[in-house]
There are 2 protein chains.
Amino acid sequence: MEIKLYDDYLEKFNKLKSQNFSLDMSRGKPSAEQLNLSSDLLTILQNDDCIIEENNQTIDCRNYGGLDGILPMKKMFANLFGVSSEEVLVGGNSSLTLMYDSLVLYGLSESAFPKSQLKILCPSPGYDRHFLMSEYLGLTMIPINMTQDGPDISQIKEYIADPAVIGIWCVPVFSNPQGITYSDKIIDQLAALKPATANFKILWDNAYIIHSFDGEPPKTLNLLRTAEKYGNYDIPIMFTSFSKITFPGAGVSAMAASEKNLAKMRQNISFKTVGPDKINQLRHVKFFEQTDIFQHMKKHGEILAAKFNVVLQTLTENFADNPNWANWIVPKGGYFVSVDVPAGCAKRTVELCKQVGLMLTPAGATFPYGNDPLDQNIRLAPSFPSVDELKIAMEVFCTAVKVAALERVIKK
Amino acid sequence: MEIKLYDDYLEKFNKLKSQNFSLDMSRGKPSAEQLNLSSDLLTILQNDDCIIEENNQTIDCRNYGGLDGILPMKKMFANLFGVSSEEVLVGGNSSLTLMYDSLVLYGLSESAFPKSQLKILCPSPGYDRHFLMSEYLGLTMIPINMTQDGPDISQIKEYIADPAVIGIWCVPVFSNPQGITYSDKIIDQLAALKPATANFKILWDNAYIIHSFDGEPPKTLNLLRTAEKYGNYDIPIMFTSFSKITFPGAGVSAMAASEKNLAKMRQNISFKTVGPDKINQLRHVKFFEQTDIFQHMKKHGEILAAKFNVVLQTLTENFADNPNWANWIVPKGGYFVSVDVPAGCAKRTVELCKQVGLMLTPAGATFPYGNDPLDQNIRLAPSFPSVDELKIAMEVFCTAVKVAALERVIKK
């Protein structure tokens, strides 16, 4: 029976292979259609618009100055984060840079331990760039299990008794790759943690803060406010950016944290820049004065939902009756669908897809050191391809999963 | 005689003090008139322009990717630096960030010595931000004398025999603050240095690379090419930016170095950003396709020259007959006039100017640790004020110099 099935799927696989298909769906890139939503941003600003008034001071946004951002940009981010504008620092085009600088500044520079002994907690599966950055900085990564509600708090509590554990990575809303939004209970428990080291930080990468498919921003407990209530005001460092709201690579990033933490970052930044691009900040402020940001996100969401639906429908058609072959969470926002295939089959599935011309995120990338202990998690990134391309891609993917799964059974 | 003179100048000083003058000329900020030269940059790019072809690949500059810049931007910088585009890495809006990252990456991370023992050579007077950054990173700064042709090579040769000396800061063209352009002989000697440590770097901050008042770019020996000839290809790291060509804070920065050095920086950057703002690069490329960059710089130069002339004329009128009171170099470009007042009088002069409402760069800022050993150097930054404001400011300055100088004589 299984051999017959295997032969059938293999035949289908070989047929797909002969089609000369070629598609890269390895990264969470917005599509051109999404980028077109922000076209007006390019030409929205005229010369005269660059002179603004801020606290009774005239600021020429074309000139030097303004180390941590212009006030109207801070206010926009403050609204998104649910904090005061005094708790916001505006960065350049990349929130990843703010994360790197935070990890170095609050973590590595402040610890009593030598760098080689420091550790960081990594809810997994998670965002590969967090893991690559941690490894590059010489931190030992400790995987933390993810539940449907967020990371496993009991595991976290156990590890933070070690003073060499200096932080935890979190993607609290529409997590990368699972699309999980942390429950308020989990956020409350994270806010209340009592880590052994005083310089422990929660690196709260809220990359998908308002990125729901229906345009309704997810309502979650505010980590910074809750931590403050528990006497942990200096623990959270929250990040977000406009990369997946306007233009990736030409957006604006920001962080929110206690004023003490921000003062330290401002000082650090003052030694390496005369300030971020204020003109691009002003472009974003003006654009979102004219366009409601939630309406804008709803348009993104509609484009994305059509693509996610192809992925989810195909998965359902192929595997709803056979949960041993594939499991996934249905996301309500974000950029990814995370699929667990049978243990030991993730690498082989990705390899088979590659043979057909479909590039997926490397298996294991969603775990520290690229090491998925069960070799079962695969991240699908449906945002960039067209709906038609996705239909073929998903046929390829589902066939590859079946071939990989049956190979293992037959080989046994 | 001196007491009579002192009384006269003090009277004049007090009269100026009563005028309610207020002007900040502490930093080298371009004026609004200069910024207006680049107005078209704001709206030059339409949505369709963002898709470019590069090495047979289609690149959507609005999307992720392009870690070290788009090719046409690299080519522009390659032309400015006089290197190949493979030797260029394009950064964000701030060359200071590239310098900081370079100092950490090539200097601190690679040295066999503990950070606390590392030293850096600082031709002085020099750029205060280089010194502040070095101090923040824990480096011990060693001042090197400046001559009319560049830094004192014999001093440099002496210090680089120490393997803890990991680099030297240089502003080779229209140096900050003296406006000195290094002679080819000095550049050749720098290129041929034989430092004791293999990771020694020449940090070549070419901030004013084409910033001559007459629009003619200074012709100087190419450091990278010359160093390569001497087997020192990995020693120079060259920097520049568009900050004082288009918009400070919204320009584009770049570095040029050996491919080995660039590979290392690319790797480093890959952990902390998905790439710099390609849209802003494209704006600059398109703007300078339509506008000859040297004509553009000539317009900057004309605006600046009118202001520098006020400074230089007033200095000549006041001090040409009395070189004991003030000495200066007449710059042909750049952003500063460096004035040496009598030893022990710089701090007092700046303080007197402040009493009248004129903010100058703090005395000492042009030396490591803010410590001008002779307390004689003052940096004047004429670019931002209007010509009329500068006329008053220079009257204030010259009177303050005289009062400060005579105070000392009388107190003796």
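Report follows, based on the coordinates. The shown structure was predicted, so the numbers you read here are calculated from the model rather than taken from an experiment.

About the thresholds
- Residues numbered from 1 in each chain as written.
- Chains lettered and ligands numbered in written order.
- Predicted model: local features only at pLDDT ≥ 70, side-chain atom pairs only at ≥ 80, totals over all residues.
- Heavy atoms only, no water.
- Patch = residues over 30% accessible without salt bridge, like charges linked within 9 Å, V, L, I, M, F, W, Y side chains within 5 Å.
- Areas by Shrake-Rupley, 256 points an atom, 1.4 Å probe, with all protein chains shown as cover.
- Salt bridge = Lys/Arg side-chain N within 4 Å of Asp/Glu carboxyl O.
- Helix = DSSP H or I, 4+ residues; strand = E, 2+ residues; numbered from the N terminus.
- Buried < 20%, exposed > 50% of the residue type's maximum accessible area, 1.4 Å probe, protein only.
- Pairing = 2+ DSSP bridges.
- Contact = heavy atoms within 4.5 Å.
- Buried area = accessible area lost by both parts, 1.4 Å probe.
- Nonpolar A, V, L, I, M, F, W, Y, C, P; charged D, E, K, R; others polar.
- Axes fitted to C-alpha atoms, helices over the stretch in contact; angles between N-to-C directions.
- Least-squares fit on C-alpha atoms with pLDDT ≥ 70 in both.
- Right-handed = clockwise from strand over helix to strand, strands pointing away.
- Left-handed = near helix turned anticlockwise from the far one by under 90°.
- Core = buried A, V, L, I, M, F, W, Y, C linked by side-chain atoms within 4.5 Å.
- Phe/Tyr/Trp six-rings, centres within 6.5 Å; stacked < 30°, edge-to-face > 60°.
- Lys NZ or Arg CZ within 6 Å of the ring centre and 35° of its normal.
- Arc of directions from axis to C-beta.

Considerations on a nonpolar patch on the surface
For step 1, the next point in the chain: Taken together, the side chains of Ile3, Val409 and Ile410 of chain A define a hydrophobic patch exposed on the protein surface, amounting to about 240 Å² of accessible area.
For step 2, the next point in the chain: Among the structural elements, Val409 of chain A can be located in helix 13 (residues 387-411).

Side note on the pairing of strand 15 (residues 377-380) of chain B
Residue and element names in this part refer to chain B.
For step 1, the next point in the chain: A two-sided burial pattern is seen for strand 15, the buried positions comprising Asn377 and Arg379 on one face and Ile378 and Leu380 on the other.
For step 2, the next point in the chain: Pairing of strand 13 (residues 337-340) with strand 15, which is carried by four bridges, proceeds in the antiparallel orientation. By the bridge assignment, Val337 is partnered in strand 15 with Leu380.

Details of the pattern of salt bridges
For side chains of opposite charge, pairing can occur when their charged atoms come near one another.
Residue and element names in this part refer to chain A.
For step 1, the next point in the chain: Tallying each qualifying case throughout the model produces 26 salt bridges over all chains.
For step 2, the next point in the chain: Note that Lys260 and Asp234 form a salt bridge whose closest N and O atoms lie 3.5 Å from each other. Taken together, the residues Lys260 in helix 9 (residues 259-270) and Asp234 in the loop between helix 8 (223-229) and strand 10 (236-241) connect sequence positions 26 residues apart.
For step 3, the next point in the chain: Among the ionic pairs, Glu407 bridges to Arg348, the shortest N-O distance being 2.7 Å. With Glu407 in helix 13 and Arg348 in helix 12 (residues 346-356), this pair connects stretches of sequence that are 59 residues apart.
For step 4, the next point in the chain: Residue classification places Arg348 among the partly exposed residues on the basis of a relative accessible area of 30%.
For step 5, the next point in the chain: Look at the salt bridges and you will find they share partners, linking Asp68, Lys74 and Arg266 into a network.

With respect to the interface of chain B and chain A
Bring the parts together and some accessible area is lost; that lost area is often taken as the interface size.
For step 1, the next point in the chain: Taken together, the contact pairs 48 residues of chain B with 48 residues of chain A.
For step 2, the next point in the chain: Both faces considered, chain B and chain A share a buried interface measuring about 4,100 Å² in area, 53% of it formed by carbon and sulfur atoms.
For step 3, the next point in the chain: For the chain B face of the interface with chain A, the top three residues by lost area are Leu42, Tyr64 and Phe271 of chain B, together amounting to 19%.
For step 4, the next point in the chain: At the level of elements, helix 2 (32-36), helix 4 (95-108), helix 5 (128-136), helix 9 (259-270) and helix 10 (278-290) of chain B are the ones that each hand at least two residues to the side of chain B that touches chain A.
For step 5, the next point in the chain: Grouping the amino acids of the side of chain B that touches chain A by side-chain chemistry returns 21 nonpolar, 18 polar and nine charged.

Digging into the sheet that holds strand 11 (residues 253-256) of chain A
All names here are of chain A.
For step 1, the next point in the chain: With mixed pairing, eight strands are arranged side by side in an open sheet as 4-11-10-9-8-5-6-7. At either end of the open sheet lies a strand with only one pairing partner, and these are strand 4 (88-90) and strand 7 (150-151).
For step 2, the next point in the chain: In terms of strand pairing, strand 8 (residues 165-170) meets strand 9 (residues 201-205) through four bridges, oriented parallel. Directly across from Cys170, in strand 9, lies its bridge partner Trp204.
For step 3, the next point in the chain: Strand contacts of helix 7 (residues 184-191): strand 7, strand 8 and strand 9, with the helix running at about 145° to strand 9, the strand carrying the most contacts.

Re the relation of the copies chain B and chain A
Note: a rotation about an axis with an accompanying shift along it relates these two copies of the chain.
For step 1, the next point in the chain: It takes a turn of 180° to lay chain B on chain A, together with a shift of 0.0 Å along the axis; the resulting RMSD is 0.0 Å. The transformation just described matches what one would write down for a two-fold rotation axis. Among all C-alpha atoms of chain B, that of Thr43 of chain B lies closest to the rotation axis, at 2.3 Å.
For step 2, the next point in the chain: An overlap of 100% is found between the interface residues of chain B and their copies at the interface of chain A, pointing to a shared contact surface.

Here's the deal with the pairing of strand 8 (residues 165-170) of chain B
Residues and elements named next belong to chain B.
For step 1, the next point in the chain: Where burial is concerned, most of strand 8 is hidden: six out of the six residues are buried.
For step 2, the next point in the chain: Note that strand 5 (residues 119-124) and strand 8 share three bridges and pair parallel. Its bridge partner lying in strand 8, Ile120 is registered against Gly167.
For step 3, the next point in the chain: In the classification by handedness, the crossover that spans strand 8, the intervening helix 7 (residues 184-191) and the parallel strand 9 (residues 201-205) is right-handed.

What about the packing of helix 4 (residues 95-108) of chain A against helix 5 (residues 128-136) of chain A?
Any two packed helices are characterised by how steeply their axes cross, that is the angle between the axes, and by the distance between the axes.
Residues and elements named next belong to chain A.
For step 1, the next point in the chain: For the pair helix 4 and helix 5, interaxial distance at closest approach is 11 Å and the crossing angle is 35°. Crossing of helix 4 over helix 5 shows right-handed handedness. Each of Leu96, Met99, Tyr100 and Leu103 in helix 4 lies in contact with helix 5, whose residues at this interface are Arg129, His130, Met133, Ser134 and Tyr136.

Here's the deal with the nonpolar core
For step 1, the next point in the chain: Ranked by size, the top nonpolar core spans 120 residues in total, and within it Phe77, Leu190 and Phe242 of chain A together with Phe77, Leu190 and Phe242 of chain B carry the most contacts.
For step 2, the next point in the chain: Ignoring any residue separated from it by four or fewer positions in sequence, one finds Phe77 of chain A in contact with Val88, Val90, Thr240, Ser241, Phe242, Val252, Ser253 and Ala254 of chain A.

So, the sheet that holds strand 5 of chain B
Residues and elements named next belong to chain B.
For step 1, the next point in the chain: With mixed pairing, eight strands are arranged side by side in an open sheet as 4-11-10-9-8-5-6-7. Strand pairing shows two members of the sheet lacking a second neighbour, strand 4 (88-90) and strand 7 (150-151), which therefore form its edges.
For step 2, the next point in the chain: Sitting on the sheet, helix 5 is in contact with strand 5, strand 6 (140-147), strand 8 and strand 9, with an inclination near 165° to strand 5.
For step 3, the next point in the chain: Against the sheet, helix 7 touches strand 7, strand 8 and strand 9, its axis set at about 145° to strand 9.

Section: the packing of aromatic side chains
For step 1, the next point in the chain: With the rule as written, the count across this model stands at 20 aromatic pairs over all chains.
For step 2, the next point in the chain: Look at Phe77 of chain B and Phe242 of chain B: their rings are 5.1 Å apart centre to centre, the planes differ by 65°, and that puts the pair in the edge-to-face class. In this pair, Phe77 of chain B is assigned in helix 3 (residues 71-81) and Phe242 of chain B in the loop between strand 10 (236-241) and strand 11 (253-256), connecting sequence segments 165 residues apart.
For step 3, the next point in the chain: Joined through ring pairs, the aromatic side chains of Phe77, Phe81, Phe242, Phe287 and Phe288 of chain A make up one cluster.
For step 4, the next point in the chain: Of note, Lys244 of chain A hangs over the ring of Tyr335 of chain A, and the distance from its end group to the ring centre comes to 5.2 Å.
For step 5, the next point in the chain: The lysine or arginine in question, Lys29 of chain B, covers the ring of Phe384 of chain B, its NZ or CZ lying 4.8 Å from the ring centre.

Details of helix 7 of chain A
Residue and element names in this part refer to chain A.
For step 1, the next point in the chain: For helix 7, the set of buried residues is Ile186, Ile187, Leu190 and Ala191. All buried residues of helix 7 project into a common sector of 135° when viewed along the axis, lining one side.
For step 2, the next point in the chain: Considering only its buried residues, helix 7 is in contact with strand 7, helix 6 (153-159), strand 8, strand 9 and helix 8.

Describing the environment of Met133 of chain B
For step 1, the next point in the chain: Positionally, Met133 of chain B belongs in helix 5.
For step 2, the next point in the chain: Exposure remark for Met133 of chain B: the relative accessible area of 0% places this residue in the buried category.
For step 3, the next point in the chain: Separated by 34 residues in sequence, Met133 of chain B and Met99 of chain B have C-alpha atoms that sit 9.2 Å apart.
For step 4, the next point in the chain: Setting aside residues no more than four positions away along its own chain, Met133 of chain B makes contact with Phe271 of chain A together with Leu96, Met99, Tyr100, Leu103 and Trp169 of chain B.

Section: the packing of helix 1 (residues 2-17) of chain B against helix 13 (residues 387-411) of chain B
All names here are of chain B.
For step 1, the next point in the chain: Packing of helix 1 against helix 13 brings their axes to within 9 Å, and their N-to-C directions diverge by 145°. The chirality of how helix 1 crosses helix 13 is left-handed. Touching Glu2, Ile3, Leu5, Tyr6, Tyr9, Leu10, Lys12, Phe13 and Leu16 of helix 1 are Glu395, Val396, Thr399, Lys402, Val403, Leu406, Glu407, Val409 and Ile410, all from helix 13.
For step 2, the next point in the chain: Partitioning the contact of helix 1 with helix 13 into residue classes produces 12 nonpolar, one polar and five charged.

Section: helix 5 of chain B
Residues and elements named next belong to chain B.
For step 1, the next point in the chain: Looking at helix 5, one finds that the buried residues are Asp128, His130, Phe131, Met133 and Ser134.
For step 2, the next point in the chain: At its buried positions, helix 5 is contacted by helix 4, strand 5, strand 6, strand 8, strand 9 and strand 15.
For step 3, the next point in the chain: Looking one or two residues past helix 5, Gly138 carries a phi angle of roughly 85°, positive in sign.

Topic: the environment of Asp49 of chain B
All names here are of chain B.
For step 1, the next point in the chain: The residue Asp49 is located in the loop between helix 2 and strand 2 (51-54) in this model.
For step 2, the next point in the chain: Looking at Asp49, the relative accessible area reads 25%, which means it is partly exposed.
For step 3, the next point in the chain: Taking the C-alpha atoms as reference, Asp49 lies 8.9 Å from Cys61; in sequence the two are 12 residues apart.
For step 4, the next point in the chain: Filtering out sequence-adjacent residues up to four positions away, Asp49 remains in contact with Ile44, Leu282 and Lys286.

Here we look at the side chain of Asn232 of chain B
Residue and element names in this part refer to chain B.
For step 1, the next point in the chain: Relative to the elements of secondary structure, Asn232 occurs in the loop between helix 8 (223-229) and strand 10.
For step 2, the next point in the chain: A relative accessible area of 7% places Asn232 in the buried class.
For step 3, the next point in the chain: The residues touching Asn232, leaving out its near neighbours within four places in the chain, are Ala191, Ala192, Leu193, Lys194 and Ala227.

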